[in-house]
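Overview (structure and organization)
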Amino acid sequence: MLIDRYLDTYDFSERHYVLVSGQPEEIYRTAYEIDFTESFAIRWLLRLRGMSTENFSLRAIEQSIFKKLDEEPGSELVLGLIGRFWTIFGDLQNIRSPLDFCEFEKPGYAKAVWNFSVTEVGSRSRLTTETRIKCLDDESRRSFGRYWTLIRPFSGLVRMEMLRTIK
């Protein structure tokens, strides 16, 4: 998996999947283009976080705070983000390239990767999303751990809703 190139070891993770009728390429294209604010739950959670509820698609996400790290068109997309996610504004770092992401090792921060992948399973396809977080020192690991305890259920809900919307 491409995601392994960016965070093969991590401190926190979450994975969800859904089986979908259709060919992987078609499902991948839909996943990339669909506006996830079709989901009431996603709109509500975005508003709660103070984020825009217009055009929340993977295409829009990769052109905003996340950086596209890698892609195998029709199969897997990997997005990355570096910051102090447990703080109010997140102190997000500017990632100019996948190499920037890989080489960033500043204590006090965490690196996150988020992928969407599609694999054929018999006559259907499995659409999976996985999030991995690696904290770059013990203090950031403790801080993120507290934050993750609070945010994980909502993070999971958003991802499950994204999968449901694509399906």
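Counting restarts for each chain: residues are numbered from 1 in the order of the written sequence. With pLDDT at 70 or above as the cut-off, local features in this predicted model cover only qualifying residues; side-chain atom pairs require 80 or more to be listed or tallied, and sums for whole chains, interfaces and linings still use all residues. With hydrogens and water set aside, each side-chain value is computed from the structure's full complement of heavy atoms.

Side note on a nonpolar patch on the surface
Patch membership requires more than 30% relative accessible area and the absence of a salt bridge. Residues of like charge join within 9 Å; the nonpolar side chains Val, Leu, Ile, Met, Phe, Trp and Tyr join within 5 Å. Surface accessibility in these figures is a Shrake-Rupley result with a 1.4 Å probe; residues are shielded only by whichever protein chains are displayed. Every case where a carboxyl oxygen of Asp or Glu lies within 4 Å of a side-chain nitrogen of Lys or Arg is listed as a salt bridge. Together, F40, W44 and L48 make up a nonpolar patch on the protein surface, roughly 390 Å² of accessible area in all. Think of it this way: any DSSP run of H or I at least four residues long counts as a helix, any run of E at least two long counts as a strand, and we number them from the N terminus. By secondary structure assignment, the location of W44 is in helix α2 (residues 40–48).

Things to note about the packing of α2 against helix α5 (residues 138–166)
The description of two helices packed together rests on the angle between their axes and the distance between the axes. A fitted line through C-alpha atoms serves as each axis, taken over the contacting stretch for helices, and the angle formed by two N-to-C directions is quoted from 0 to 180°. Orientation of α2 relative to α5, taken along the N-to-C sense of each, is 145 degrees, at an axis distance of 9 Å. Crossing handedness for the pair α2 and α5: left-handed. Contacts between α2 and α5 involve A41, I42 and L45 from the former and F154, L157, V158, E161 and M162 from the latter. Partitioning the contact of α2 with α5 into residue classes produces seven nonpolar, no polar and one charged. Two helices crossing with the near one rotated counterclockwise from the far one by less than a right angle form a left-handed crossing, whereas a clockwise rotation gives a right-handed crossing. In what follows, residue pairs with any heavy atoms lying within 4.5 Å of each other are defined as contacts. Residues are grouped as follows: Ala, Val, Leu, Ile, Met, Phe, Trp, Tyr, Cys and Pro are nonpolar; Asp, Glu, Lys and Arg are charged; all remaining types, including Gly, are polar.

Here we look at the side chain of S140
Looking at the secondary structure, you find S140 in helix α5. The cut-offs for exposure are 20% and 50% of the maximum accessible area for each residue type, with area from a 1.4 Å probe on protein chains only; residues under the lower value are buried, those over the upper are exposed, and the others partly exposed. Judged by its relative accessible area of 1%, S140 falls in the buried class. In the analysis that follows, any N or O atom pair within 3.5 Å is treated as a polar contact, provided that within protein one partner can donate a hydrogen and the other can accept it, and provided that, for residues neighboring in sequence, both atoms belong to side chains. For S140, the side chain forms a polar contact with the main-chain oxygen of Y109, separated by 3.4 Å. In this structure S140 touches W86, G108, Y109 and C135, once residues within four positions along its chain are discounted.

Some words on the packing of aromatic side chains
Each Phe, Tyr or Trp ring (for Trp, its six-membered ring) is paired with any other whose centre lies within 6.5 Å, and the angle between the two planes then decides the class: stacked below 30 degrees, edge-to-face above 60, tilted in between. Under the counting rule described, the total for this entry stands at 11 aromatic pairs. For the ring pair F66 and W114, a centre distance of 5.3 Å and an interplane angle of 55 degrees mean the geometry is tilted. Note that F66 is positioned in the loop between α3 (58–62) and β2 (67–72) and W114 in strand β4 (residues 110–121), a separation of 48 residues in sequence. The exposure class of W114 is buried, given its relative accessible area of 4%. Ring centres of W86 and F144 lie 6.4 Å apart, and the angle between their planes is 80 degrees; this geometry places the pair in the edge-to-face category. Here the residue W86 occupies a position in the loop between β3 (76–83) and α4 (98–103), and F144 occupies one in helix α5, the gap between them amounting to 58 residues. An aromatic cluster is built from F12, F85, W86, F144, Y147 and W148, whose rings are joined through pairwise contacts. Charge-over-ring placement is defined geometrically: NZ (Lys) or CZ (Arg) within 6 Å of the ring centre, and within 35 degrees of the ring normal. Across from the ring centre of Y17, 4.6 Å away, lies the NZ or CZ of R126, which sits over that ring.

Side note on the pattern of salt bridges
With the rule as written, the count across this model stands at 15 salt bridges. Across the pair E62 and K68 runs a salt bridge whose closest N-O atoms are separated by 3.8 Å. For E62, a relative accessible area of 16% corresponds to the buried category. Residue D138 is joined to R141 by a salt bridge in which the shortest nitrogen-to-oxygen separation is 2.6 Å. Taken together, the residues span about one helical turn, with D138 and R141 both in helix α5 at a distance of three residues. Under the relative-accessibility criterion, R141 is labelled partly exposed at 28%. Members of the salt-bridge network, linked through shared partners, are D4, R15, E130 and R132.

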